[in-house]
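# Descriptive structure summary
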Amino acid sequence: MKNIIITVMLLFCGSIFGQMYNPVKWSTAVEKISEKEYLLKAEATIQAGWHLYGQYIEEGGPSPTAFAFKKKNFELLGKTTEEKGHEVVDKIFDMKIKYFEDKALFTQKIKFTSDAVSNIAAEVEFMVCDDSNCLPPSSEELVFKIPNAKNVASADETVTAKKETVAVKKDKIDTDKKNDSKGLLSIFIIAFLSGFAALLTPCVFPMIPMTVSYFTKQSKTKAAGIRNALIYGFSIVIIYVLLGSIVTAVFGADSLNALSTNVWFNIIFFVLLVVFASSFLGAFEIMLPNALANKVDSQADRGGLIGIFFMALALAIVSFSCTGPIVGTLLVEAASKGGIAPIVGMLGFSIAIALPFSLFAAFPGWLNALPKSGGWLNTVKVVLGFLELALAFKFLSNADLVLQLHWLEREVFLTIWIAVFGTLAFYLFGKITLPHDSPLNHISVGRLSLGLLVLSFTIYLIPGLFGAPLKLISGFPPPMHYSESPYGVGFSKNTGTVNAESLPEGAEYGPQDIITFHDYDKGMEFAEKTGKPVLLDFTGYACVNCRKMEELVWSDSKVLGVLKNDVVLISLYVDDKKELPESEQYTSETTGKKIKTIGNKWSDLQIKTYKANAQPFYVIVDHNSANLTEPSAYNPDIENYYNWLNSGIKNFKK
């Protein structure tokens, strides 16, 4: 059992890579004792070389075998019993542990409390190991068919009885995650919260007590155990920060920002997120190659600082099926910011992952306060799966906006989100179950609260189908004007509250019905004609922060009054894919790239003139294109933005 130290701790929640193992088969039988009493038998047939743990193992050891019976018209008489099995003093856990080989029989005596006899549904959760690997805790649904039953349940009823939802302890997921917030601090906070969400998955949470126990028991002194655990946590931080650094170095800070508006990138990431969501919902497991895990595992046997580092690397690898989708989403969201955002994101994520290992090593008594591993961890994965699915359509929407296909307009997008979050609410209330869910005897306060929150959010989305602005999620759905009914169902520019007026040549109604130009020259010509300064708005169809500014800041009455009356707005979309006439195409003097599209042209103008390439980017200029004040980027402070506009206008009038 040379490698059991590493594999029990680090493969506890990881899948065995390269192939699927199913070393335990369960069968059931029922023995009649009297008219009211029966003996339920569950037998495990165990593949050679593997062993199954018993039911009664002290806290801090491996996951025991546990049975959960759906109590209906019967009561349990005593505890579930098991055979003698093998008992050994395990050096890893420093305790006596019981396990079974080849076969294991478990029995439970019951007594019916009414004449409504039916089949009995139960679930068994168990963990198996061989001499080199441990599979993550698994569960299986069992059905005990009662002989001579007066009222045997139908097949559909049996399936329904089996698929009760998971009992949740307390869900700590922050459902108000803001995936694209302002600044590096916001990215750090989002990543930190995402790291805590990852902690509550079946691939990470059970590792905390096992890893801390290992460091404290294997170290000669308490101080040495704490020191090694701190090094372990620090190694986790280094590994994830290196990942963020590699992403930044490979693609380049500026290229990452460009990727966020790339059509193919958004489509590919939409597909990836759907795959990630399917994995979280239980369709399959995403696994890294077995050879990689084995190689890292062998390095962890070296001991010392290097061994501890490879133990941390092994944790990152074997927990990939749970953390991979979260890390991937974070990297892409951070990448859309450009610069060192991916590094900052991975720093926040890894600190959240590493913190519990260090704190519990310093204060091992806190381990007793941790909830035990169970089916609730799977519920966390399912919730994350729904969130991944909702986010996936944001990336598909980006591609649709950039191409201006109008396939995923605002109403369609909101309908999809209503369906996704509505289904999640039903799942949390126990009305929808998935094949790998555990029976649910009751709904905890935490789960009920989260369900009510999700249901409230779903109801909040519905008025958006009829023109409500939905400011809570501004920037995520397509903008109001990218809609079948921009002014709400039953309203139009001529029949609603918006006054019809003749538009200048080359202009159209933009966000908040502001008269907007998309052609630089025509906008400047109109500004000179009307004697107003120009607000250059470097934006993008797929720019989330641009939409937030338009929906949250530009909608303010003071700001809107300035934008409609005191300036000429020229919105230049840097991701506009329409090709320039061949005679207008050129090679950029700044970047050396071929400028083929309208978006390329405006992006090159921004880079060449203002040495910036992020959006939104606002510049107030006079009729000679001279700056009237310092340019402004994303600024959700309404008062500050209003004062900035007025300062430019004031300088224009001097």
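Everything discussed here concerns the structure shown above.
These lines cover the structure that appears in this document, whether it is placed above or below. Just so it is clear, the structure is predicted and the values come from calculations on it, not from any experiment. (Residues numbered from 1 in each chain as written. Predicted model: local features only at pLDDT ≥ 70, side-chain atom pairs only at ≥ 80, totals over all residues. Heavy atoms only, no water.)

## Quick look at the overall build of the protein
Stated precisely, the cut-off is as follows: Strands are runs of DSSP state E lasting at least 2 residues, helices are runs of H or I lasting at least 4, and numbering of each runs from the N terminus. Relative accessible area decides the class of each residue, using a 1.4 Å probe on protein chains only: under 20% of the type maximum gives buried, over 50% gives exposed, and in between gives partly exposed. Any pair of residues with heavy atoms lying within 4.5 Å of one another is described as a contacting pair. For every accessible area listed, the method is Shrake-Rupley and the probe measures 1.4 Å; residues are considered covered only by the protein chains on display.
Across its full length, the protein carries 19 helices and 18 strands. By residue count, 51% of the 654 residues in the protein fall in the buried class. Within the protein, contacts between residues at least 6 apart in sequence are counted, and of these 72% link residues at least 24 apart. Element-wise, carbon and sulfur atoms account for 58% of the exposed surface of the protein, whose accessible area totals about 29,700 Å².

## Side note on helix 18 (residues 598-610)
So the rule is basically this: Every helix has an expected span of 1.5 Å times one less than the residues it contains.
Given a rise of 1.5 Å per residue, 13 residues ought to cover 18 Å, and the 18 Å separating the end C-alpha atoms of helix 18 matches this to within 8%. Inspection of helix 18 places Gly599, Trp602, Asp604, Gln606 and Tyr610 among the buried residues, and these make up the whole buried set. Elements in contact with the buried residues of helix 18: helix 15 (520-530), strand 14 (534-539), strand 15 (568-573), strand 16 (586-587), strand 17 (594-595) and strand 18 (617-621). Immediately beyond the C-terminal end of helix 18, within one or two residues, lies Lys611, with a positive phi of roughly 55°.

## A few points about the environment of Gly385
Within the secondary structure, Gly385 sits in helix 12 (residues 375-403). Taking relative accessible area as the criterion, Gly385 reaches 0% and is therefore assigned buried. Residues Gly385 and Ser279, 106 residues apart in the sequence, show an inter-C-alpha distance of 7.5 Å. Setting aside its immediate chain neighbours within four residues, Gly385 contacts Ala277, Phe280 and Leu281.

## Comments concerning the sheet that holds strand 12 (residues 507-509)
Counted only if it meets this: A strand pair is defined by DSSP finding two or more bridges across the two strands. Whenever a helix is involved, its axis is fitted only over the stretch in contact; in every case the axis is a line through C-alpha atoms, and angles between N-to-C directions fall within 0 to 180 degrees.
Strand order in the open sheet made by the five strands is 12-13-15-14-18, with mixed pairing throughout. Both edges of this open sheet fall to strand 12 and strand 18, since each of them pairs with a single strand only. Strand-to-strand, the axes of this sheet are offset by a mean angle of 35°, without reference to chain direction. Across three bridges, the pairing between strand 12 and strand 13 (residues 515-517) is antiparallel. Looking at the pairing, Ala507 lines up with Phe517 of strand 13. Each of strand 13, strand 14 and strand 15 touches helix 15; the most contacted strand, strand 15, lies at about 175° to it. Contacting strand 14, strand 15 and strand 18, helix 16 (residues 544-553) crosses the sheet at an angle of about 140° to strand 14.

## Focus: the packing of aromatic side chains
Put simply, the rule reads: Classification of ring pairs uses Phe, Tyr and Trp, with its six-membered ring standing for Trp, and accepts pairs whose centres are within 6.5 Å; under 30 degrees between planes counts as stacked, over 60 as edge-to-face, and the remaining range as tilted.
The final tally for this structure, using the stated rule, is 25 aromatic pairs. Measuring from centroid to centroid gives 6.0 Å for Trp26 and Phe67, while their planes differ by 90°, and the two rings are edge-to-face. Pair noted here: Trp26 is in strand 1 (residues 24-32) and Phe67 is in strand 4 (residues 66-69), with a separation of 41 residues, a long-range link. What makes Phe67 buried here is its relative accessible area of 17%.

## Description of unusual backbone geometry
What you tend to see is this: most non-glycine residues have negative phi, and most peptide bonds are trans. Despite not being glycine, Asp102 has its phi angle at roughly 65°, a positive value. Located in the positive-phi region is Gln512, a residue other than glycine, with phi close to 55°. Checked against the element boundaries, Gln512 lands in the loop between strand 12 and strand 13.

## A closer look at the environment of Thr458
Cut-off, in case you're wondering: Here a polar contact is recorded for every N or O atom pair within 3.5 Å, except that within protein the pair must consist of a potential hydrogen donor and a potential acceptor, and residues adjacent in sequence are included only if both atoms are side-chain atoms.
Among the secondary structure elements, Thr458 is positioned in helix 14 (residues 445-461). Here Thr458 falls in the buried class, since its relative accessible area comes to 7%. A C-alpha to C-alpha distance of 5.5 Å links Thr458 and Ile418, two positions 40 residues apart in sequence. Aside from chain neighbours lying at most four places away, what touches Thr458 is Ile418, Phe421 and Gly422. Looking at Thr458, its side chain comes within polar contact range of the main-chain oxygen of Val454, at 2.8 Å.

Spatial relationships are all this shows, so hold off on functional conclusions.
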